[in-house]
Amino acid sequence: MADSQPIDISRLLRLDPSTVAAVHDTYYSEVYRYARYRLGDGVAAEDLTSDVFMKLLEALNNGSGPRESIKGWLMGTANNLINDYYRKHYRRQEMNIEDVDLQSNINPIEISEEKDEILLIRKAMLSLTQLQQHVLALRFGGGYSLEETAGIMGKNINAVKALQFRAIAALREEMEKLQL
Amino acid sequence: MTNRPIEDKLEIIIDALRLGADPEDIMRLFPDDREQLAPLLAAIGSAKKLSPPDPEGLAIQRSRSKLLVEADHLSDKQAKNFFGWRFPRLVFAVTLVVLILIFGAGGLLATSAQSLPGDQTYPLKLAVENLQLRLNSGQESRTVSQFRYDQRRIDEVQNLLDLQRLEPVFFSGVVEESKPEFWIIADILVKVNPETNLIGTITNGSFVEVKGSTTAEGWIAAHEIRLRTKEVFGILDELNAEYLVISGQQISINPQSQIDPRLIVGDQVVALVEASSNDRLWANAVIRLPSNGN
């Protein structure tokens, strides 16, 4: 997850196709993994990731694109879009077991138990604050280091450590409520 | 270890888990805090279970294509903001007349007409062509002009290659041959590499737009090759199974063409057209427009 090759911002502002394509190819997987972690659904994560890059174009076109870090801007936008998504789908947050998308290489006999567990973890995760979900998704979905997470969130490392601690403690508490 | 804040200890646990350490071994690092840290370690293990798979290649490709189409659309709009709707034709025409009066009709414009990409007067040449296209009232006349300017771009590229001048260029033409490394487009040798953006389903015979740079070796290094489509507005004069005619312009239909089933002769329509050769147009889609007053 080391920072990517330098992108020529002036070319990006001009919407130069090769620079736009380079930004997309550099960051797509990271944004997708983050979105997939938060949403749990592959198709929704693909759509949302695509929307994040369309928002980037829109912002560049309006002169309000990233100032310092493209990655930070993309992840911040992904976070905002996901928060909007959950606001719009608030009443549908109670998920069905079938909604949980698992990787196909899991032993079929274990699928049911595994699905139940994943479903409950996700349910516990949705009980956290948006900021707590954001930090856990960056660490465990995006796979970012503490330093990278602090950079993306625009916070200092100690603040992220504290937030992360509270998020994990809250997750544990929610899991206990769900008897996990 | 015991004097560290709990947040630091948690970070050590996360790092150790990431490196594949056994949870029991990790707990041995913090014998005094076992009771507090063990449940957190379990929660981290759960959080890691939601770790997602990598995206599918097809999804990346789809998103990339969508993004590039939108970037191109916005880029065109940016250009139009200068030479387009926000710069009314009349004002543009008056400005041009003033320029002609200042510099003399036979002077600057004549010089610009001979200019090549990279020359100082080349943007003026493009601006004049743009103006002429806009002032052409008939669709047919506009299409003829567009083909003439397309040919002019090709001639310019050929001139630059003959002169061994290295300049960014763009031109349109038919793909005559496409081998893994070299393509021939409008009789020009074009080198395609993994960085080249290929937009649309391009096959031999497709009409494409090429953006790239001339090289001293006599070929074009392609940055982008895009399948060319354009919009044709007008009145539907004729419609049958093989072709339709819009304001006198014949456009072929194939099984992939998406035609609005409600279309009848006399409708005002817009067709998204793909040119596969200089004299044959194919309809990708034809949509009925609301008539005036509706």
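Predicted model, so just to flag it, every value in this text is computed and none were measured.

**Focus: the packing of helix 7 (residues 146-153) of chain A against helix 8 (residues 157-177) of chain A**
Residues and elements named next belong to chain A.
Line of reasoning, step 1. Between helix 7 and helix 8, the least distance of the axes is 9 Å, while the angle of their chain directions is 100 degrees. Taken together, the axis directions place helix 7 and helix 8 in an arrangement best described as roughly perpendicular. Residues L146, E147, T149, A150 and M153 of helix 7 lie in contact with helix 8, whose contacting residues are I157, V160, K161, L163 and Q164.
Line of reasoning, step 2. Of the residues that constitute the contact of helix 7 with helix 8, the class distribution is six nonpolar, two polar and two charged.

**Observations regarding the packing of aromatic side chains**
Residue and element names in this part refer to chain A.
Line of reasoning, step 1. As enumerated under the stated definition, the model contains four aromatic pairs over all chains in all.
Line of reasoning, step 2. For the ring pair Y28 and Y32, a centre distance of 6.3 Å and an interplane angle of 10 degrees mean the geometry is stacked. Pair noted here: Y28 and Y32 are both in helix 2 (residues 17-39), with a separation of four residues, about one helical turn.
Line of reasoning, step 3. Classification of Y32 by relative accessible area gives buried; the value is 2%.
Line of reasoning, step 4. Both rings, one in Y28 and one in F53, keep their centres 6.3 Å apart while their planes meet at 10 degrees; by these two values the pair is stacked. Of this pair, Y28 sits in helix 2 while F53 is found in helix 3 (residues 42-61), placing the two residues 25 residues apart along the sequence.
Line of reasoning, step 5. Using a relative accessible area of 1% as the deciding quantity, one classes F53 as buried.
Line of reasoning, step 6. Members of the aromatic cluster, joined through ring pairs, are Y28, Y32 and F53.

**Examining the environment of L198 of chain B**
All names here are of chain B.
Line of reasoning, step 1. The topology assignment puts L198 in strand 4 (residues 197-199).
Line of reasoning, step 2. Spatially, the C-alpha atom of L198 lies 8.2 Å from that of L227, the residues being 29 residues apart in sequence.
Line of reasoning, step 3. When near neighbours in sequence (up to four residues on either side) are disregarded, L198 contacts W183, V192 and I225.

**Considerations on the interface of chain B and chain A**
Line of reasoning, step 1. With 37 residues of chain B at the interface, the matching set in chain A holds 42 residues.
Line of reasoning, step 2. Across the chain B to chain A interface the summed buried area is about 3,900 Å²; carbon plus sulfur atoms make up 67%.
Line of reasoning, step 3. Broken down residue by residue, the surface that chain B buries against chain A is led by L50, P52 and L67 of chain B, which jointly contribute 17%.
Line of reasoning, step 4. In this assembly, chain B and chain A are joined by six salt bridges.
Line of reasoning, step 5. The tally of links between chain B and chain A comes to 12 residue pairs in polar contact (both at pLDDT 80 or more).
Line of reasoning, step 6. Every element with two or more residues in the side of chain B that touches chain A is listed here: helix 1 (6-18), helix 3 (34-49) and helix 4 (57-83) of chain B.
Line of reasoning, step 7. The element contributing the most residues to the side of chain B that touches chain A is helix 4 of chain B, with 13 residues.

So, how was this worked out
- Residues numbered from 1 in each chain as written.
- Chains lettered and ligands numbered in written order.
- Predicted model: local features only at pLDDT ≥ 70, side-chain atom pairs only at ≥ 80, totals over all residues.
- Heavy atoms only, no water.
- Axes fitted to C-alpha atoms, helices over the stretch in contact; angles between N-to-C directions.
- Helix = DSSP H or I, 4+ residues; strand = E, 2+ residues; numbered from the N terminus.
- Parallel < 35°, antiparallel > 145°, perpendicular 65-115°, else oblique.
- Contact = heavy atoms within 4.5 Å.
- Nonpolar A, V, L, I, M, F, W, Y, C, P; charged D, E, K, R; others polar.
- Phe/Tyr/Trp six-rings, centres within 6.5 Å; stacked < 30°, edge-to-face > 60°.
- Buried < 20%, exposed > 50% of the residue type's maximum accessible area, 1.4 Å probe, protein only.
- Buried area = accessible area lost by both parts, 1.4 Å probe.
- Salt bridge = Lys/Arg side-chain N within 4 Å of Asp/Glu carboxyl O.
- Polar contact = N/O pair within 3.5 Å; in protein donor to acceptor, adjacent residues only side chain to side chain.

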